[in-house]
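As a plain string of letters, each chain reads:
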Amino acid sequence: MRELRADVVVIGGGLGGVAAALAALRAGRSVLLTEEFAWLGGQLTSQAVPPDEHSWVEQFGVTASYRSLRDGIRSYYRQHYPLTSRALLDRTLNPGAGHVSRLCHEPRVAVAVLESMLAPYRASGRLTVLQPATPVAATVDGDRVTSVTVSTESGQIALTGPYILDATETGELLPLTGTEYVTGFESADETGEPSAPDRADPTNMQAFSVCFAVDHVDGDHTIDRPRDYAFWRDYQPPFWGAKMLSWQTPNPRTLELSTRGFTPNPGDDPGLVQADQRRNPGDGNLWTFRRIAARDNFTEGAYESDICLVNWPMIDYFEAPIVDVPDATTHIERARGLSRSVLYWLQTEAPRADGGTGFPGLRLRGDVTGGDDGLAMAPYIREGRRIRAEYTIVEQDLSLAVRGDKGAVSHPDSIGVGMYRIDLHPSTGGDNYIDVGSCPFEIPLGALLPQRVENLLPAGKNIGTTHITNGSHRLHPVEWNVGEVAGALAAFCLDRGCSPRAVRDNPALLADFQQRLSTDGVELRWPDISGY
């Protein structure tokens, strides 16, 4: 078998994996990076999800390298797209003028920027990217991972190095390496969390979604009727209160049935969109909620229509989990069928404000999302395996109801910050939304350390959270922060000849590592945000 070696092996090229690779490379180390899909970037690109971020993202609360990614996306639009003079001069340009984020954009732009960030290291030979590649096996020696085997188009390759980082979307390396992990819902007895159930359920995981993009132009662009359309058209989960294929959905915060609107190309002024989830959820008109291209941001005629990214409640698939089950592929394909059925319903049966039905002018934009079938190339996975960590982040660490004016628990081993409500989508165990207000929080180093394994580090959503706190730690900036720190930690330990566990346990090493993170632009504490 062919073998490749590097100082740091990063399995998974999502946001956490790219951030991990960049951090190790900046520290002078060689890196092997693998990715299953054609695009690097995970939830930002192949999964087609605009960044979910906190309200202060333009001022503080993210790492410097994540800010460089955001700035790079805006710069790419200014350099390569026919923006209006007003949009060109907008310092906080939101290309899609979507309400979910201050930076709604087309996935390919993020791909281009991420590739540009990695390009110098590819050229120098210190970075090798294997793509497409999926992990299929691993070897271990006691408490250390010695190699990971990936399957590529040219055969299997064994990857070796002193540090192995798991940046996969579902924590694929954890079972392959025998690293202890947890899935699904923990019990209240185990975690003490106010929102946890009495009994643990490892199979109870958040819904995943297969997103897609559409525009609205003249003509009839109706797709062929999906073979499972009748099932999804009539499907009504017991807790939903209506058919899923309708404009009625539970309000995530109150669980009361609410009615959404849908008006393609409403002619709103993109410069007046205020994307701030604290003030307005912005989902009243689903068209503008996750809009990724607002045609009025561009010169006349550049876009026939806005482009809308469909990541709405009705495409959430919670029929069964896809982690640690033998039929994951079947359920992923069923989820793709659900998304195709939603599109067909929109084109043919969806009620319109004028009393008619259907929007045949909706056109599937697979060229925007890159999937062979017109959908996103990868499913948007909110929850996978999580390491059993030295420190597990629990609801009472950051819940606004629990902590109040005290703010989130302060961690002496903080390696970053984050902020997002505990936002859990309906789950495979039959739970409705769980939505818990949270305080701006710190990310403890202990959550990145497996309890036993020495040289495998999580670099994404697989850190030591619970089912509940995963809901606030799974979003774009936190995943990037975790990955960046995992890459920096591997490089630091190689430089110092120490273990990750020693960094947390030794005050001098911890101080040195935190100083290195600060120098690299990783914020370890929140500023006073009372005036914002």
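This report concerns the structure included in the present document. Keep in mind that this is a model prediction, so the values were computed, not measured.

1. Focus: the overall build of the protein chain
Helix and strand counts for the protein chain stand at 16 helices and 23 strands. The C-alpha radius of gyration of the protein chain comes to 22 Å, within 12% of the 24 Å expected for a compact globule of 532 residues. Overall size of the protein chain, expressed as C-alpha extent along the three principal axes, is 70 × 55 × 55 Å. Taking all 532 residues of the protein chain together, the buried fraction comes to 61%. Of the contacts made within the protein chain by residues no fewer than 6 positions apart, 72% connect residues no fewer than 24 positions apart. A total of about 19,400 Å² of accessible surface is found on the protein chain, and carbon and sulfur atoms cover 47% of it. The positive charge centre, built from 48 side chains, and the negative charge centre, built from 68, are 3 Å apart in the protein chain.

2. Structural notes on the pattern of salt bridges
Any two side chains of opposite charge can pair, given that their charged atoms come close. All told, the structure shown has 42 salt bridges when counted by the stated rule. A salt bridge links Arg86 to Asp269; the nearest nitrogen and oxygen atoms lie 3.0 Å apart. Separated by 183 residues along the polypeptide, Arg86 in helix 3 (residues 85–88) and Asp269 in the loop between strand 13 (257–259) and helix 8 (286–289) bring together distant segments of the chain. The partner of Glu172 in a salt bridge is Arg385, with the nearest N and O atoms 3.3 Å apart. Of this pair, Glu172 sits in the loop between strand 8 (163–166) and helix 5 (173–177) while Arg385 is found in the loop between helix 10 (366–369) and strand 18 (386–387), placing the two residues 213 residues apart along the sequence. For Glu172, a relative accessible area of 30% gives the class partly exposed. A single network of salt bridges, built from pairs that share partners, joins Asp215, Glu304, Arg363, Arg365 and Asp367.

3. Focus on the sheet that holds strand 6 (residues 144–152)
Taken in spatial order, the four strands make up an open sheet running 1-7-6-5, and their pairing is mixed. Looking along the sheet, the strands with just one partner apiece sit at the ends: strand 1 (2–5) and strand 5 (133–141). Averaged over all adjacent pairs, the angle separating strand axes in this sheet is 25°, with direction ignored.

4. Quick notes on the packing of helix 1 (residues 15–26) against helix 4 (residues 107–124)
Across the interface, helix 1 lies against helix 4 with an axial gap of 11 Å and an inter-helix angle of 30°. As judged from the angle between their axes, helix 1 and helix 4 are roughly parallel. Once helix 1 is placed against helix 4, the crossing between them reads as left-handed. Contacts between helix 1 and helix 4 involve Val18, Leu22, Leu25 and Arg26 from the first element and Leu114, Met117, Leu118 and Tyr121 from the second. Of the residues belonging to the contact of helix 1 with helix 4, the class tally is seven nonpolar, no polar and one charged.

5. Brief notes about the side chain of Asn297
Here Asn297 is to be found in the loop between strand 14 (291–293) and strand 15 (307–310). Reaching out from Asn297, the side chain makes a polar contact with the backbone oxygen of Asn94 at a distance of 3.0 Å. Leave out the neighbours within four places in its chain, and Asn297 touches Leu83, Thr84, Ala87, Asn94, Pro95, Gly96, Ala97 and Pro270.

6. Topic: the environment of Phe359
Its location among the elements puts Phe359 in the loop between helix 9 (328–348) and strand 17 (362–364). Among the residues examined, Phe359 registers a relative accessible area of 7% and is labelled buried. Along the backbone, Phe359 and Asn432 are 73 residues apart, and their C-alpha atoms lie at a distance of 29 Å. Residues within four places of Phe359 in sequence aside, it is in contact with His216, Trp247, Phe262, Pro264, Leu346, Gln347, Thr348, Ala350, Pro351 and Arg352.

7. Regarding the nonpolar core
Counting residues in each nonpolar core, the largest one holds 132 residues, and the members touching the most others are Leu69, Leu165, Trp247 and Trp480. No other element matches helix 14 (residues 476–496), which puts 10 residues into this core. When neighbours within four sequence positions are excluded, Leu69 is seen to be in contact with Leu15, Leu44, Val113, Leu114, Met117 and Trp480. The next biggest cluster of nonpolar side chains, apart from the first, holds 18 residues, and it includes Val148, Val150, Ile164 and Val453.

8. Overview of the sheet that holds strand 4 (residues 127–130)
Across the sheet, which stays open at both edges, the five strands sit in the order 4-3-2-8-23 with parallel pairing between neighbours. Looking at which strands have only one partner, the edges of the open sheet turn out to be strand 4 and strand 23 (456–458). Across the sheet, the axes of successive neighbouring strands diverge by a mean angle of 20°, strand direction being ignored. Sheet analysis places strand 2 (residues 8–11) next to strand 3 (residues 31–34), joined by four bridges and oriented parallel. Residue pairing across strands places Val10 opposite Leu33, the latter belonging to strand 3. Each of strand 2, strand 8 and strand 23 touches helix 14; the most contacted strand, strand 8, lies at about 175° to it.

9. Quick notes on the packing of aromatic side chains
Enumeration over the complete set of coordinates arrives at 24 aromatic pairs. Here Tyr66 and Trp480 contribute two aromatic rings whose centre-to-centre distance is 6.1 Å and whose plane-to-plane angle is 65°, an arrangement assigned as edge-to-face. Taken together, the residues span a long stretch of sequence, with Tyr66 in helix 2 (residues 64–80) and Trp480 in helix 14 at a distance of 414 residues. Of the two residues examined, Tyr66 and Trp480, each falls in the buried class. With a centroid separation of 5.5 Å and an interplanar angle of 45°, the aromatic rings of Phe239 and Phe318 are classed as tilted. Of this pair, Phe239 sits in the loop between helix 7 (229–234) and strand 12 (248–250) while Phe318 sits in the loop between strand 16 (316–317) and helix 9; the two residues are 79 residues apart in sequence, bridging distant segments of the chain. For Phe318, a relative accessible area of 6% gives the class buried.

Parameters at a glance
Within each chain, residue numbers correspond to sequence positions counted from 1 in written order. Confidence filtering applies because this is a predicted model: local features only for residues at pLDDT of at least 70, side-chain atom pairs given and counted only at 80 or more, and all residues used for totals across whole chains, interfaces and linings. Side-chain descriptors were evaluated using all non-hydrogen atoms of the structure, hydrogens and water having been removed beforehand. Put simply, DSSP H or I for four residues or longer makes a helix, DSSP E for two residues or longer makes a strand, and each gets a number counted from the N terminus. Just to be clear, the radius of gyration here is over C-alpha atoms, and the globule rule we use is 2.2 Å times residues to the power 0.38. Burial here depends on accessible area, computed with a 1.4 Å probe over protein chains only, as a share of the maximum for the residue type. Under 20% is buried, over 50% is exposed, and the range in between is partly exposed. The contact criterion used throughout is that any non-hydrogen atoms of two residues lie within 4.5 Å. Using the Shrake-Rupley algorithm and a 1.4 Å probe, accessible areas are obtained, with residue cover drawn only from the displayed protein chains. In this count, Lys and Arg are taken as positive residues and Asp and Glu as negative ones, while His and the chain termini are left out. By convention, the charge on Lys lies at NZ, on Arg at CZ, on Asp at CG and on Glu at CD. Salt bridges are defined by distance alone: a side-chain nitrogen of Lys or Arg within 4 Å of a carboxyl oxygen of Asp or Glu. DSSP bridges decide pairing: two strands pair if at least two such bridges lie between them. Only C-alpha atoms enter the line fits that serve as axes; for helices the fit covers just the stretch in contact. Angles between N-to-C directions range over 0 to 180 degrees. Angle categories: roughly parallel below 35 degrees, roughly antiparallel above 145, roughly perpendicular from 65 to 115, and oblique for all the rest. The sense of a crossing depends on the near helix, which, turned anticlockwise from the far helix by less than a right angle, makes the crossing left-handed and, turned clockwise, makes it right-handed. Residue polarity is assigned by list, with Asp, Glu, Lys and Arg as charged and Ala, Val, Leu, Ile, Met, Phe, Trp, Tyr, Cys and Pro as nonpolar; anything else, Gly included, falls into the polar class. Counted as a polar contact is a pair of N or O atoms within 3.5 Å, where, for protein atoms, one must be capable of donating a hydrogen and the other of accepting one, and residues adjacent in sequence contribute only when both atoms are in side chains. To form a nonpolar core, buried Ala, Val, Leu, Ile, Met, Phe, Trp, Tyr and Cys residues must be joined to one another through side-chain atoms within 4.5 Å. Only the six-membered ring of Trp is used, alongside the rings of Phe and Tyr, when aromatic pairs are assigned; centres must lie within 6.5 Å, and planes under 30 degrees apart are stacked while those over 60 apart are edge-to-face, with the rest tilted.

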